[in-house]
Amino acid sequence: MLKAMLDWQAAMGADEAILDVPVDRHVQATRPKPDPAAAPPPPAAAPSPTLPLSDAADPVQQARQMAAAADDLAGLQAALAAYEHCDLKKGARNLVFADGHPEARVMIIGEAPGRDEDLRGRPFVGRAGQLLDRMFAAIGLARDAKEAAAALYITNILPWRPPQNRDPDPAEIAMLRPFTERHVALAAPDLLVLMGNISCQALLGRRGITRLRGNWTEALGCPVLPMFHPAYLLRNPRAKGEAWRDLLSLQARLRATA
Ligand code: URA
């Protein structure tokens, strides 16, 4: 890409000020203008130079390539660890990849690690995570269940904690989405649960969890249930009734497709 940028600048004349031989512009200015009738036709305009981004320089393209090359979950985790385009990585203590049973029927996708998750390198282990565990235990699902049928597999859209737990920006979501797509393809769950607005934004292209929650939809070839994020439920305990209805809907769907 650097070479393409250099060619572009040269084509625009950026190097004319640094020619090897000095140019007397006064002489040039007084030189008689050539007779246009005698002049040869001007050369066809050169195609305007494009600035191709090489694969290595385009964060999304490189994420796609690295994610696609991962044959299994360990390979995907290693690919994420080797991915250098996301600045969140610099401020994070740990890569938070996933937790639970990789063959679980239900895969939960949250937003991003918080302080506790960043410290421990596991998703949903703080207060919101403890509530998440209690919620799913109420319908017989747990991340540490031995049986895949009773287990959960848990990850986040972002594997690194954003500073001050700020929302991820669209560029961060875009560059990490190929990893999430591959993560879902490799884990191949029966059902996806998207926790809160950020994961809905990343995978459904929509926000507005109050309207989205409880309505089954589809993403990445998988049935998807958007739900309130447990951190939201901690702040708004009255919404727990709706979360409970969503859990029952999840349980019914699991039973219907067992
Ligand atoms: N919130 C999330 O979305 N994910 C975590 O891992 C922790 C809190």
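All values reported here derive from a predicted model rather than from experimental measurement.

1. Structural notes on the overall build of the protein
Then, number 1: Within the protein one finds 12 helices and 6 strands.
Then, number 2: Relative to its full complement of 258 residues, the protein shows a buried share of 38%.
Then, number 3: For the protein, restricting intrachain contacts to residue pairs at least 6 apart in sequence, the fraction spanning at least 24 positions comes to 70%.

2. A few points about unusual backbone geometry
Then, number 1: If you check the backbone angles, F124 has positive phi at about 50° while not being a glycine.
Then, number 2: Mapped onto the elements of the fold, F124 is located in the loop between α6 (115-120) and α7 (127-137).
Then, number 3: Overall, F124 belongs to the buried group, its relative accessible area being 5%.
Then, number 4: With phi around 50°, Q164 is a residue other than glycine that occupies positive phi space.
Then, number 5: Counting through the fold element by element, Q164 comes out in the loop between β3 (152-156) and α8 (170-187).
Then, number 6: Q164 sits in the exposed class, given a relative accessible area of 73%.

3. Observations regarding the environment of A69
Then, number 1: If you trace the backbone, A69 turns up in the loop between α3 (59-68) and α4 (73-82).
Then, number 2: Measuring from C-alpha to C-alpha, the distance between A69 and A79 comes to 8.4 Å, with 10 residues separating the pair along the chain.

4. Remarks on the site of the ligand
Then, number 1: In the vicinity of the ligand, the contacting residues are G110, E111, A112, E117, P123, F124, N156 and H229.
Then, number 2: One nitrogen or oxygen atom from the side chain of N156 is found 2.8 Å from a nitrogen atom belonging to the ligand.
Then, number 3: Side-chain polar atom of H229 to an oxygen atom of the ligand: 2.7 Å apart, as the coordinates give it.
Then, number 4: Relative to its unbound accessible surface of 240 Å², the ligand loses 92% to contact with the protein.
Then, number 5: For the ligand, the cavity whose grid points lie within 2 Å of the majority of its atoms is the largest pocket.
Then, number 6: Taken together, the residues of the shell around the ligand sort by class into 3 nonpolar, 3 polar and 2 charged.

5. Comments concerning the layout of surface pockets
Then, number 1: Approximately 640 Å³ is the volume found for the largest pocket.
Then, number 2: Around the largest pocket, the lining is made up of 26 residues, and of these E111, A128, H229, A231 and R235 lie nearest the centre.
Then, number 3: At the level of elements, α6, α7, α9 (196-204) and α11 (230-235) are the ones that each hand at least two residues to the lining of the largest pocket.
Then, number 4: The biggest single contributor to the lining of the largest pocket is α11, with 4 residues.
Then, number 5: In the lining of the largest pocket, the residues fall into 11 nonpolar, 7 polar and 8 charged.

6. Focus: the environment of W216
Then, number 1: Take W216: it is sitting in the loop between α10 (209-212) and β5 (217-219).
Then, number 2: Relative accessible area serves as the criterion here: at 24%, W216 is assigned to the partly exposed category.
Then, number 3: It is 9.3 Å that separates the C-alpha atoms of W216 and L250, two residues lying 34 residues apart in sequence.
Then, number 4: Apart from residues no more than four positions distant in its own chain, W216 is found in contact with L191, P223, V224, L225, S249, L250 and R253.
Then, number 5: Side chain to side chain, W216 and S249 meet in a polar contact 2.8 Å long.

7. A closer look at the environment of H85
Then, number 1: Turning to its location among the elements, H85 is positioned in the loop between α4 and α5 (88-91).
Then, number 2: For H85, a relative accessible area of 26% gives the class partly exposed.
Then, number 3: Only 2.5 Å separates the side chain of H85 from the side chain of Q62, close enough to count as a polar contact.

8. Focus: the confidence of the model for the protein
Then, number 1: Overall, the predicted model of the protein reaches an average pLDDT of 86, with 78% of residues at or above 70.
Then, number 2: For the stretch residues 1-53, pLDDT sits under 50, and the model shows 14 contacts to residues farther than four places along the chain or on other chains.

9. Side note on the pairing of strand β4 (residues 191-195)
Then, number 1: Among the 5 residues that make up β4, 5 are buried, leaving the element largely enclosed by the rest of the structure.
Then, number 2: Relative to β4, strand β2 (residues 106-110) runs parallel, the two being bridged by 4 bridges. By the bridge assignment, I109 is partnered in β4 with L194.
Then, number 3: As paired strands, β4 and strand β6 (residues 222-227) are joined by 4 bridges and run parallel to one another. When the sheet's bridge partners are listed, M195 is paired in β6 with M227.

10. Looking at the packing of α8 against α9
Then, number 1: Direction vectors running N to C along α8 and α9 enclose 75°, while the axes themselves pass 10 Å from each other. Judged on the interaxial angle alone, α9 and α8 are roughly perpendicular. Of the residues in α9, those in contact with I173, R177 and T180 of α8 are I198, Q201, A202 and L203.
Then, number 2: Taken together, the residues of the contact of α8 with α9 break down into 4 nonpolar, 2 polar and 1 charged.

Procedures and definitions
Residues numbered from 1 in each chain as written. Predicted model: local features only at pLDDT ≥ 70, side-chain atom pairs only at ≥ 80, totals over all residues. Heavy atoms only, no water. Helix = DSSP H or I, 4+ residues; strand = E, 2+ residues; numbered from the N terminus. Buried < 20%, exposed > 50% of the residue type's maximum accessible area, 1.4 Å probe, protein only. Contact = heavy atoms within 4.5 Å. Near = heavy atom within 4 Å. Polar contact = N/O pair within 3.5 Å; in protein donor to acceptor, adjacent residues only side chain to side chain. Areas by Shrake-Rupley, 256 points an atom, 1.4 Å probe, with all protein chains shown as cover. 1 Å grid on protein atoms, 1.4 Å probe; cavity = no way out; pocket = protein on both sides within 12 Å on 5 of 7 lines; lining within 4 Å. Sits in = over half its atoms within 2 Å of the grid points. Nonpolar A, V, L, I, M, F, W, Y, C, P; charged D, E, K, R; others polar. Points joined across faces, edges and corners; volume = space filled by probe spheres on them. pLDDT = per-residue confidence, 0-100. Pairing = 2+ DSSP bridges. Axes fitted to C-alpha atoms, helices over the stretch in contact; angles between N-to-C directions. Parallel < 35°, antiparallel > 145°, perpendicular 65-115°, else oblique.

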